[in-house]
Amino acid sequence: MMPRRPALALSALAMIIMVTVAWWTLALWPAGDAAPDWVTLTREVCFGAAPDGLPGVAGWLVLIGEPIAMFGFLLVVWGGAVREGLGILRRSPVGRGILVLASLVVVAGAGTASARVAAAWPTILPAELSSALLPVPERLQRAAPTLDLVDQRGDRVRLAQYRGRPVVVAFGYGHCETVCPLVVRDAVRAVERVRDADPVLMVVTLDPWRDTPARLPHLAAQWALPQSAHLLGGSVEAVESTLDAWGIWRQRDERTGEIVHPSSVYLFDREGRLAWIASGGAEQIAALVERL
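Residues numbered from 1 in each chain as written. Predicted model: local features only at pLDDT ≥ 70, side-chain atom pairs only at ≥ 80, totals over all residues. Heavy atoms only, no water.

Trainee: Would you mind showing me how to read the overall build of the protein chain here?
Mentor: The helix and strand inventory of the protein chain stands at nine helices and nine strands. Within the protein chain, the proportion of its 292 residues that are buried is 42%. Within the protein chain, contacts between residues at least 6 apart in sequence are counted, and of these 72% link residues at least 24 apart. Accessible surface computed for the protein chain: about 15200 Å², of which carbon and sulfur atoms make up 62%. (Helix = DSSP H or I, 4+ residues; strand = E, 2+ residues; numbered from the N terminus. Buried < 20%, exposed > 50% of the residue type's maximum accessible area, 1.4 Å probe, protein only. Contact = heavy atoms within 4.5 Å. Areas by Shrake-Rupley, 256 points an atom, 1.4 Å probe, with all protein chains shown as cover.)

So this is what it looks like as structure tokens:
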């Protein structure tokens, strides 16, 4: 019988492996249009949802960073016990079988994940190549929702006033230190890469309680927005009604003010119609803008 400490350490290792497999399966399994609503929503909130079905930048950080952090913590706390437990398993036929089975599961999972990513490999190419090779998702062709807010210069901005130009609309809030800076950075880089298309960049706050009109200039500088970009806010009522009209899912913690939200970027064509909803990084956003 295995001593208690190595047994607990191996149980923790097995739990980490199972959680990692579950998260990667949820993020990468090609469910397609038949996916239940809860799967689609969970993927959107936790990993982002690019048109190719792969996670966004923040999603990859979670999928890769969390397992590394958990394994690292386990080795720091129980490294000796893990090695002792593995040694005990290797000395028995049943234990060796368990190790072989676990190894096969990990290898098969890694191979499946690699194949899934490889199937969408154009999305991670440089913009000049991805624009030609990226599979084109079906355009949404939806009417533009209402957008009428105030930007960091105090100007009233409406989506309709930019008819004739592509428009990129992202969402975030100033106190966000994880997903929002990445989403805004990708949107900025995408717009810079397709200057010839003359796109308009708008970023709408998700936190009108703290991102007040007076604070928008500071936040625009913090995010290094281009001079031509619009960081939009307004009264709580105006911003909240706009987000509702756009169908932007979010959940605000009234105690901390933190907001859980998807990392979606909305792309509008020159006729003012919603063409795509993307969260695949700067390269993908730029490639889709070029097709508008």
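Trainee: Mind showing me how you'd approach helix α8 (residues 236-246) here?
Mentor: An α-helical segment advances 3.6 residues per turn. Residues three or four places apart therefore align on the same side. Of all the positions in α8, only Val239, Thr242, Leu243 and Trp246 are classed as buried. Projected down its long axis, α8 carries its buried residues within an arc of 95 degrees, all on one side. Along α8, exposed side chains directed more than 90 degrees from the buried face belong to Glu237 and Asp244. Each element contacted by the buried residues of α8 is listed here: β1 (148-150), β3 (167-172), β4 (200-205) and β8 (265-268). (Arc of directions from axis to C-beta.)

Trainee: I'm lost on empty space enclosed by the protein in this one. Help?
Mentor: A probe as big as a water molecule, rolled over the atoms, marks out the empty space that is left. For the structure shown, the criterion picks out two cavities of 30 Å³ or more. Each pocket or cavity is described by its volume, and for the second largest cavity that value is around 40 Å³. Classifying every residue of the lining of the second largest cavity by side-chain character gives four nonpolar, three polar and no charged. (1 Å grid on protein atoms, 1.4 Å probe; cavity = no way out; pocket = protein on both sides within 12 Å on 5 of 7 lines; lining within 4 Å. Points joined across faces, edges and corners; volume = space filled by probe spheres on them. Nonpolar A, V, L, I, M, F, W, Y, C, P; charged D, E, K, R; others polar.)

Trainee: Explain unusual backbone geometry to me, please; I cannot follow it from the model alone.
Mentor: Phi is mostly negative for residues that are not glycine, and the peptide bonds are mostly trans. Although it is not a glycine, aspartate 198 sits at a positive phi angle of roughly 55 degrees. Tracing the backbone through its elements, the reader meets aspartate 198 in the loop between α6 (179-193) and β4.

Trainee: How should I be thinking about the sheet that holds strand β5 (residues 230-232) in this particular structure?
Mentor: Strand pairing in a sheet relies on backbone hydrogen bonds, with the paired strands running either antiparallel or parallel. Taking strand neighbours across the sheet as the criterion, the five strands line up as β5-β4-β3-β8-β9 in an open arrangement whose pairing is mixed. A single partner strand is all that each edge strand has here, and the edge strands are β5 and β9 (274-278). Each strand axis lies, on average, 20 degrees off the axis of its neighbour in the sheet, ignoring direction. Inspection of the sheet shows β8 paired to β9 by four bridges, in the antiparallel sense. Looking at β9, one finds that phenylalanine 268 is bridged to leucine 274. In this fold α6 packs onto β3, β4 and β8, with an angle of close to 165 degrees to the strand it touches most, β3. (Pairing = 2+ DSSP bridges. Axes fitted to C-alpha atoms, helices over the stretch in contact; angles between N-to-C directions.)

Trainee: Would you mind showing me how to read helix α9 (residues 282-290) here?
Mentor: For α9, the buried fraction is high: seven of the nine residues fall into the buried class. Those residues of α9 that sit buried are Ala282, Gln284, Ile285, Ala286, Ala287, Leu288 and Val289.

Trainee: Just to check I follow, could you spell out a nonpolar patch on the surface for this structure?
Mentor: Together, Val21, Leu101 and Val105 make up an exposed nonpolar region whose accessible area comes to about 240 Å². Take leucine 101: it is sitting in helix α4 (residues 93-118). (Patch = residues over 30% accessible without salt bridge, like charges linked within 9 Å, V, L, I, M, F, W, Y side chains within 5 Å. Salt bridge = Lys/Arg side-chain N within 4 Å of Asp/Glu carboxyl O.)

These results come straight from atomic positions and should not be treated as a statement about function.
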